[in-house]
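# Structure at a glance
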Amino acid sequence: MTGPGPGAAVLETAAFSAGLGHALRRAGVEVPPDKSANLARALALVPPSSRSRLYWTCRTVLLRGEEQIPVFNAVFSALFDGMLDPADTRGEKNAPPPVGSEPRARTAPETAAALPGEQKASSLQTVLPGSGDASGQDTDAVLLTASADESLHTRNFAGLTREELAEVSALARRITLATPHRLTRRSRRSPRGAQLDLRRTTRSGLRSGGAAYRLIRAERTTAARRLVLLCDVSASMSAHTQVFLSLMQGAVGTSNAEAFVFSTGISRLTRQLDGRNADQALAAAAGSTAHWDSGTLLARCLRTFLDAYGRRGMARGAVVVVFSDGWTQDNPEDVRAQMARLRRLAYRIIWVNPRKAAPGYEPFAGGMAAALPFCDAFTSGHSYDSLAELPTALAGTHHHPRRTGSAHGH
């Protein structure tokens, strides 16, 4: 990172390596202690002068296979985003976007106040394992993202001022949403490939006149699964809509996500949110739908999405995230029927309900109770810290069994 100086972030390589290894193990990635030690030595030899350099050093040393990349990206984003200098990502689709590359602007469609960007200085804070606090209690080595007011990370969006919402929205836009990978129908040449590439082998033999055939092996390539985001913009969700839309705007730009908003009707906003200027993107999104801050017809909106987009391919094998409190005027049985349709198409369904954080909350509301059995993960997303857990939920490997295995390969 940077050398000592006012506001500079200093990296304690041993604590950093132990903390990252601990976080990855909690997320399900096997990282032996000796790899954390190797990472500490590597960081001493290759000082992380930029976020990109840190990312590639950690990924190269700690990971043993491509299937671990989505979880690694999720953990890296949740712990480290916004703390290092902007850097080139070398065109790697799996790498998080450069910090600072996002446009700074107000994030609510109806907000006229400018974002207090000057107050968003990030810092790096390292807690050494075993160092203990004033009470002598040991803590794990973790890295915390700090804004001008760290209490914003845990506060419910419903209790924030307009200026605080703008700051949290800017942080939410930086959260990297990476989906699991799937095998594609394409293959690439690989000396350790599991299958024989007949076409390349035949062509190689023809070039030698058939005198000698050199067997050429190949392996299937992988690609990230499609990410589909559906956000409830009804009146009951108004306190959280600004932050969720900012998260969606960032995902459209960095993860090629598909974005929809719904209440009594549903609208596709991918094109409107795919803008470099956050102000213009969110303003265009707000102006393109007539059902903002109205009631909710969840079953009708899911049916429209599935009929117009889902079964035509958009939801097939995709990771679908629904931001909604589950309150609806539809019959719960209709919601259940449409969720069952979505379940048969999607690879993974995640429901984000800010009401879940309320003390004593139980998903007894008709729409939520009907939808929950079809979801792979159920999170709150009521605060920045809870929303930052979404990348880990996306990268999860547990999902509902399919009636057939066809959806997995798409």
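Here we summarise the structure given alongside this text.

Thresholds, definitions, all that
Residues numbered from 1 in each chain as written. Predicted model: local features only at pLDDT ≥ 70, side-chain atom pairs only at ≥ 80, totals over all residues. Heavy atoms only, no water. Helix = DSSP H or I, 4+ residues; strand = E, 2+ residues; numbered from the N terminus. Areas by Shrake-Rupley, 256 points an atom, 1.4 Å probe, with all protein chains shown as cover. Salt bridge = Lys/Arg side-chain N within 4 Å of Asp/Glu carboxyl O. Buried < 20%, exposed > 50% of the residue type's maximum accessible area, 1.4 Å probe, protein only. Pairing = 2+ DSSP bridges. Axes fitted to C-alpha atoms, helices over the stretch in contact; angles between N-to-C directions. Contact = heavy atoms within 4.5 Å. Expected span 1.5 Å × (residues − 1). Phe/Tyr/Trp six-rings, centres within 6.5 Å; stacked < 30°, edge-to-face > 60°. Lys NZ or Arg CZ within 6 Å of the ring centre and 35° of its normal. Arc of directions from axis to C-beta.

## Let's talk about the overall build of the protein chain
Each helix and strand in the protein chain was counted, giving 14 helices and 11 strands. Accessible surface, the protein chain: about 19,000 Å² in total, of which carbon and sulfur atoms supply 50%.

## Points about the pattern of salt bridges
In this structure the tally under the stated criterion is seven salt bridges. Ionic pairing is found between Arg355 and Asp325, a salt bridge with its closest N-O pair at 3.8 Å. Here Arg355 is found in the loop between β10 (348-352) and α12 (366-371), whereas its partner Asp325 is found in the loop between β9 (319-323) and α11 (332-345), with 30 residues between them in sequence. Overall, Arg355 belongs to the partly exposed group, its relative accessible area being 29%. With a shortest N-O distance of 3.5 Å, Glu333 and Arg336 are connected by a salt bridge. With Glu333 and Arg336 both in helix α11, this residue pair falls three residues apart, about one helical turn.

## Description of the sheet that holds strand β11 (residues 377-379)
The six strands lie next to each other as β8-β7-β6-β9-β10-β11, forming an open sheet whose pairing is mixed. Each of the sheet's edge strands pairs with one partner strand only, and the pair in question is β8 (266-268) and β11. Strand after strand, the sheet turns through a mean of 20° between neighbouring axes, direction not considered. Where strand β7 (residues 258-262) lies against β8, three bridges are found, and the strand directions are antiparallel. The residue bridging Val261 from the neighbouring strand is Ser267, located in β8. Of the strands in this sheet, β6 (227-232), β7, β9 and β10 touch helix α7 (residues 238-255), which is tilted by about 160° from β6. Across the sheet, α11 is in contact with β9 and β10; its angle to β10 comes to roughly 135°.

## Side note on α7
In an α-helix, one turn spans 3.6 residues; hence positions three or four apart end up facing the same way. Its 18 residues place the ends of α7 25 Å apart at the C-alpha level, agreeing with the 26 Å of an ideal helix rising 1.5 Å per residue. Positive phi appears at Asn256, one or two residues downstream of α7, with a value of about 55°.

## Observations regarding unusual backbone geometry
Although it is not a glycine, Asn256 adopts a positive phi angle of roughly 55°. For Asn256, the position within the fold is in the loop between α7 and β7. For Asn256, a relative accessible area of 63% puts it in the exposed group.

## Regarding the packing of aromatic side chains
Per the stated rule, a full pass over the model turns up nine aromatic pairs. Taking 5.2 Å as the distance between ring centres and 85° as the angle between the ring planes, the aromatic pair formed by Tyr55 and Phe76 counts as edge-to-face. With Tyr55 in helix α3 (residues 51-62) and Phe76 in helix α4 (residues 69-80), the pair connects residues that are 21 residues apart, well separated along the chain. Phe76 carries the same exposure label as Tyr55, and that label is buried. Each member of the aromatic cluster is reached from another via a ring pair, and the members are Tyr55, Trp56, Phe72 and Phe76. A cation over an aromatic ring shows up here: Arg225 above the ring of Tyr347, its NZ or CZ 3.7 Å from the ring centre. The ring of Trp327 carries Arg355 above its face, with NZ or CZ at 4.8 Å from the centroid.

## Some remarks on helix α10 (residues 298-308)
Those residues of α10 lying buried are Leu298, Ala299, Cys301, Leu302, Phe305 and Leu306. The buried side chains of α10 occupy one side of the element, clustering within an arc of 165° when seen end-on. In this structure, the buried side of α10 is in contact with β6, β7, β8, α11 and β10.

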